[in-house]
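Architecture at a glance
Below, each chain spelled out in residue letters.
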Amino acid sequence: MPIQYYIALASCLFCIGVVGVLTRRNAIIIFMCIELMLNAANLLLVAFSKMEYATAIANKTNLTAGTDAQLFVFFIMVVAAAEVSVGLAIIVMMYRNIHSVDVNFLNRLKH
Amino acid sequence: MSIDEILFWFLSALALFSAIMVLLSKNPVHSVLWLIVVFFAISGHYLLLNAQFLAIVNIIVYAGAIMVLFLFVIMLINLNTETERQQNIWMKFFGVISGGLLLWIFISASRSAYDVANKTAMLKEGDVGLIQNLGKVLFNEYALPFEISSILFLSAMVGAVVIGKKD
Amino acid sequence: MNDLIYLVPLFPLIGFLINGLFRKPLSKSAISVIGSGVILLSFIVSIILFFDIKEHGGTIVNYYNFINVEGFKIPFAFQIDQLSIIFLLIITGVGFLIHLYSTSYMHEESTDHFGRYFSYLNLFVFSMLLLVMGANYVIMFIGWEGVGLCSYLLIGYWFKNDSYNYAAKKAFVMNRIGDVGFLLAIFWILKDFGTANYTEVFAKASTLPVSDATAITLLLFVGAVGKSAQIPLYTWLPDAMAGPTPVSALIHAATMVTAGIYMIARSNVLYSLSHISQDVVAIIGLATAVLAATIALYQNDIKKVLAYSTVSQLGFMFLALGVGAYTTGVFHVMTHAFFKALLFLGAGSVIHAMGGEQDITKMGGLSKKLPVTSWTFIIGVLAISGFPFTSGFISKDEILMATYAYSPLLFWFAVFAAILTAIYMFRLMMLVFFGGFRGTHEQAHHLHESPSALLIPLIVLAVLSLIGGFIQLPEVYGGHDFLNQFLAPVVPAVTHEGAGVATKDYYMLGGTIVGLIIIFAATRKFFAVSQFEGRYTGFKKILADKWYIDELYDTIIVKPLNSLAGFLKSVVEKSGIDAVVNGTGRFVNYSSRQIRLLQSGQVGNYILFMVLSITVLFLVFWNQEIIVQFLQKIF
């Protein structure tokens with residue numbers, strides 16, 4: 001598959017995630033859209049790793065090219081997991097204090 | 001159209017549709033479920049690209065752990081029906097416009113990009129995604145980040161516990 | 001001798017500084033001694049220099065390079081030659097007498113103001129000395145400005161009175177108008193000659209085209225018109241009588257107003273090149289002489305009569321310069337200094353005796369109570385009217401002779417002005433000193449002769465008025481042509497040629513004696529009276545009201561300028577400039593208020609802006625060359 005298709009797909013997913021972050025007011029939904037964005041990036045990374053592998057095969061150079069990208073994806077997943085745990089803890093705290101997960105209630109930053 | 005292409009288009013359509021449904025669902029639980037569908041579609045893409053390890057890890061970690069965590073929290077705060085007040089229509093409008101703009105820029109940038117002009121991503125072949133190869137590179141070259149990620153987990157756990165304590 | 005030159009202006013400068021800075025701790029007598037003593041010291045040094053110059057001729061002393069730029073150099077140098085030494089003697093000599101007079105006249109002032117007065121007076125003498133001692137036009141200009149400043153300071157000496165301040169402002173502004181002409185002349189000289197030094201300019205003057213010489217001399221004359229109160233810039237001088245009487249004597253009779261004469265006499269080389277300028281100088285001088293004399297006929301304030309008399313006599317001096325008799329002009333400066341200072345100081349003595357009254361309709365018959373004052377005053381009147389063999393007679397005769405040689409028409413006008421001079425001075429004398437006393441009872445009680453500090457200068461000046469003319473007695477009467485010969489190296493001498501000279505001299509003598517007898521009899525009949533209303537009607541009123549020239553200037557110049565200034569202040573300044581400045585502040589306030597609304601506290605907003613910014617950044621980064629080209633095209 002030409003790499004352009006993967007780029008287009010990942011960009012679409014990413015932008016859907018952006019729209020979700022901007023549009024929704026529920027903190028948890030926003031968090032989920034962030035995960036969506038991360039996954040889009042992951043997908044693109046994997047596609048790039050295969051692209052590199054394809055060019056390496058075509059030029060008959062390194063046969064193990066492209067592993068770096070997939071390991072990067074692995075680490076992204078690691079970080080995403082950690083981030084989700086902490087983030088959800090924060091949301092739970094927020095709920096305990098103001099009994100709502102509406103981000104517009106957070107305008108107390110203004111004062 | 002070979003089977004690969006059909007699979008590619010099907011999975012892409014599924015992913016996009018589910019993502020949009022994540023946005024549009026009123027019920028947060030429905031959003032979580034649609035997101036799980038997205039993860040499955042993406043794992044399908046990984047399998048198509050022969051990144052077997054990542055496909056499995058995606059399912060286990062994301063769909064299995066993270067989404068379950070989300071569901072737990074939603075259950076905890078009892079958010080089954082949508083109590084979200086209507087947001088300002090202008091904000092939604094601008095949000096969609098900005099997202100669209102971003103998409104447009106990404107696509108046009110990548111179209112004229114030099115490095116990816118005629119490249120293809122190889123499907124179904126290649127040993128790159130196999131777990132042995134990945135493991136060899138991980139534990140040889142990236143051993144240090146691997147260890148540090150365990151410290152990251154430790155700190156995340158501590159953080160989550162500290163933040164979530166009720167006192 | 002060169003070492004002594006810098007002492008002459010240095011002494012008054014020291015006097016100015018000491019009296020100015022330390023006037024509070026010093027006592028009045030200390031201030032008087034310092035103020036007058038420094039002028040006496042300058043006078044002594046001037047006498048020493050005079051004898052030196054008589055033997056060796058003039059000298060130029062260079063002190064340092066004042067302005068040193070590519071293209072021209074203006075050194076700070078003094079040139080003491082025959083012309084400047086005459087002026088130096090006049091300034092320091094008469095100046096000393098007036099300082100002496102002031103110590104008693106200004107005695108009622110508080111110590112603070114007394115010291116201020118003397119410091120200003122010393123500063124004035126310093127500036128005047130700088131003016132006559134300069135070796136180039138720029139140093140002259142420095143002194144020129146300095147005397148203008150001191151005139152302003154001294155006219156407005158009693159600054160609590162608004163009308164005095166107005167008079168001081170008027171003097172300064174009119175002087176300034178003349179100064180513009182002077183400056184333009186200096187610039188033109190620099191452009192033509194590359195230097196402003198007298199010696200170099202006069203050496204190269206013959207190479208100048210006539211048009212340039214005419215322009216330069218006319219511009220210099222504009223400066224002289226402002227400083228020496230000729231038509232049209234003379235109206236400040238009568239108003240300047242608001243200052244103390246010794247100030248009027250020193251500045252507005254003897255010295256500052258003669259600065260214009262000095263300038264033209266110094267530049268005689270340039271004036272000889274252009275006949276048009278000479279004509280202009282002569283005609284304006286003559287017109288001023290006649291006009292001022294007509295106004296003086298019907299003035300009721302003793303100082304105003306003397307002020308218009310000064311303007312008229314200055315017109316005579318300019319007439320002399322204009323017809324080419326430069327030495328005669330300088331001679332008349334000298335004699336005029338003697339008798340005009342005498343008249344002013346005498347008037348001061350009269351005012352002092354009358355307790356501040358200046359209106360002559362309220363005086364009369366003062367000769368009995370104020371003998372010394374009245375006799376010295378009468379001598380002054382005789383001198384200015386041209387009584388035979390007084391100094392005024394000799395100098396005025398020389399002027400008339402030179403005018404006759406130039407143009408008989410101008411001669412008869414000059415004679416007319418001389419007759420008017422005699423008439424109004426005799427009128428003044430009769431009204432003040434003869435006839436019956438017309439004042440109030442208390443004033444009659446208060447009348448007493450003035451203290452000796454006031455009388456000694458009067459006596460000295462009276463003696464000088466009588467005998468001062470003998471240094472230039474015409475040969476017909478047996479004198480030597482001393483002043484003419486003395487000034488000859490610097491100023492071309494007036495020549496008396498032809499056999500008809502002697503005849504003309506005798507005619508003048510005879511005519512003067514007859515005329516004076518007639519005038520004496522007439523004024524005695526009309527003015528030595530006990531009742532004098534002093535109110536005039538018809539044509540006399542026009543003369544008494546100064547031909548309404550002040551009112552004319554007011555409507556044409558002063559009022560439009562005032563309204564222009566008012567307009568600029570209220571419209572341009574307030575609505576224009578202030579609006580811009582305040583508006584900037586208000587705009588900043590407004591926009592900061594609006595921008596503050598961006599901080600809504602809504603996280604969604606912030607993320608929106610983040611995304612938009614990333615979009616923009618991406619666009620910019622991607623299209624860098626295009627944007628740079630576009631910006632280059634704009635700027």
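Residues numbered from 1 in each chain as written. Chains lettered and ligands numbered in written order. Predicted model: local features only at pLDDT ≥ 70, side-chain atom pairs only at ≥ 80, totals over all residues. Heavy atoms only, no water.

Some details on the overall build of chain B
Scanning chain B from terminus to terminus reveals six helices and zero strands. N-terminal to C-terminal, the α/β element order of chain B is α-α-α-α-α-α. The buried share of chain B, taken over its 167 residues, is 39%. When contacts within chain B are restricted to residue pairs at least 6 apart in sequence, long-range pairs at least 24 apart make up 60% of them. Carbon and sulfur atoms make up 71% of the accessible area of chain B, which amounts to about 9,700 Å² in all. (Helix = DSSP H or I, 4+ residues; strand = E, 2+ residues; numbered from the N terminus. Buried < 20%, exposed > 50% of the residue type's maximum accessible area, 1.4 Å probe, protein only. Contact = heavy atoms within 4.5 Å. Areas by Shrake-Rupley, 256 points an atom, 1.4 Å probe, with all protein chains shown as cover.)

Re the interface of chain B and chain A
Listed per partner, the contact involves 81 residues of chain B and 70 residues of chain A. With both chains or domains summed, chain B and chain A bury close to 7,100 Å², and 77% of this area falls on carbon and sulfur atoms. Considering only the side of chain B, the residues that lose the most area to chain A are Leu 23, Phe 70 and Val 128 of chain B, jointly responsible for 10% of the buried surface there. Counting across the chain B and chain A interface gives zero salt bridges. Listed by contribution, the elements that provide at least two residues to the side of chain B that touches chain A are helix H1 (3–24), helix H2 (28–48), helix H3 (52–76), helix H4 (89–111), helix H5 (131–141) and helix H6 (143–164) of chain B. (Buried area = accessible area lost by both parts, 1.4 Å probe. Salt bridge = Lys/Arg side-chain N within 4 Å of Asp/Glu carboxyl O.)

Regarding the packing of helix H5 (residues 111–133) of chain C against helix H6 (residues 137–155) of chain C
All names here are of chain C. Packing of H5 against H6 leaves a shortest axis separation of 7 Å and a crossing angle of 155 degrees. By the angle between their directions, the pair H5 and H6 is classed as roughly antiparallel. The hand of the H5/H6 crossing is left-handed. Taken together, the residues of H6 that come into contact with H5 (itself represented by Tyr 117, Tyr 120, Leu 121, Leu 123, Phe 124, Ser 127, Met 128, Leu 130 and Leu 131) are Ile 139, Met 140, Ile 142, Gly 143, Trp 144, Gly 146, Val 147, Cys 150, Leu 153 and Leu 154. (Axes fitted to C-alpha atoms, helices over the stretch in contact; angles between N-to-C directions. Parallel < 35°, antiparallel > 145°, perpendicular 65-115°, else oblique. Left-handed = near helix turned anticlockwise from the far one by under 90°.)

Points about a nonpolar patch on the surface
Together, Leu 552, Ile 556, Ile 557, Leu 561, Leu 564, Phe 567, Leu 568, Val 571, Val 572, Ile 577, Val 580 and Val 581 of chain C make up a nonpolar patch on the protein surface, roughly 1,000 Å² of accessible area in all. In this structure, Ile 557 of chain C sits in helix H25 (residues 549–596). (Patch = residues over 30% accessible without salt bridge, like charges linked within 9 Å, V, L, I, M, F, W, Y side chains within 5 Å.)

Concerning H6 of chain C
Residues and elements named next belong to chain C. Between its first and last C-alpha, H6 extends 26 Å over 19 residues, near the 27 Å set by a 1.5 Å rise per residue. Along H6, 14 of the 19 residues are buried, which leaves the element largely enclosed by surrounding structure. If you check the start of H6, you find a side-chain oxygen 3.1 Å away from the backbone N of Val 138, and it comes from Asn 136. (Expected span 1.5 Å × (residues − 1). Polar contact = N/O pair within 3.5 Å; in protein donor to acceptor, adjacent residues only side chain to side chain.)

Brief notes about the pairing of strand E1 (residues 59–69) of chain C
The side chains of a regular strand alternate, residue by residue, between the two faces of the sheet. All names here are of chain C. Bridge analysis of E1 against strand E2 (residues 72–80) gives nine bridges, and the strand direction is antiparallel. Its bridge partner lying in E2, Ile 67 is registered against Ile 74. Taking the residues that link successive antiparallel strands as the turn, the E1-E2 hairpin has two residues, and the phi of Gly 71 there is positive, at about 115 degrees. (Pairing = 2+ DSSP bridges.)

As for the pattern of salt bridges
Residue and element names in this part refer to chain C. Per the counting criterion, the structure on display carries nine salt bridges over all chains. The closest approach of N and O atoms between Asp 81 and Arg 266, which form a salt bridge, is 2.8 Å. You can see Asp 81 sitting in the loop between E2 and helix H4 (82–105) and its partner Arg 266 sitting in helix H12 (residues 259–266), a full 185 residues away along the chain. With a relative accessible area of 5%, Asp 81 lands in the buried category. A relative accessible area of 2% means that Arg 266 is categorised as buried. The shortest N-O distance in the salt bridge between Asp 192 and Lys 191 comes to 3.6 Å. Through salt bridges with shared partners, a single network forms among Glu 145, Arg 176 and Asp 179.

Describing unusual backbone geometry
The residue after Ile 231 of chain C, namely Pro 232 of chain C, is reached through a cis peptide bond having omega 0 degrees. Positive phi, normally seen in glycine, also occurs at Asn 50 of chain B, with a value near 65 degrees. With respect to the element layout, Asn 50 of chain B can be found in the loop between H2 and H3. We classify Asn 50 of chain B as buried; its relative accessible area is 12%.

What about the environment of Lys 169 of chain C?
Residue and element names in this part refer to chain C. Relative to the helices and strands, Lys 169 resides in helix H7 (residues 162–193). A relative accessible area of 48% means that Lys 169 is categorised as partly exposed. In this structure the C-alpha to C-alpha distance between Lys 169 and Tyr 152, which are 17 residues apart in sequence, comes to 6.7 Å.

Examining the environment of Val 415 of chain C
If you trace the backbone, Val 415 of chain C turns up in helix H19 (residues 408–433). Residues Val 415 of chain C and Val 290 of chain C, 125 residues apart in the sequence, show an inter-C-alpha distance of 9.7 Å.

Regarding the side chain of Thr 92 of chain C
By the secondary structure assignment, Thr 92 of chain C is in helix H4. Judged by its relative accessible area of 0%, Thr 92 of chain C is buried.

Concerning the packing of aromatic side chains
Tallied over the entire structure, the rule returns 36 aromatic pairs over all chains. Ring plane angle 45 degrees and centroid distance 5.4 Å describe the contact between Tyr 5 of chain A and Trp 9 of chain B, whose orientation is recorded as tilted. Here the residue Tyr 5 of chain A occupies a position in helix H1 (residues 3–23), and Trp 9 of chain B occupies one in helix H1, the pair thus bridging two chains. Residue class for Tyr 5 of chain A comes out partly exposed when judged on its relative accessible area of 37%. (Phe/Tyr/Trp six-rings, centres within 6.5 Å; stacked < 30°, edge-to-face > 60°.)

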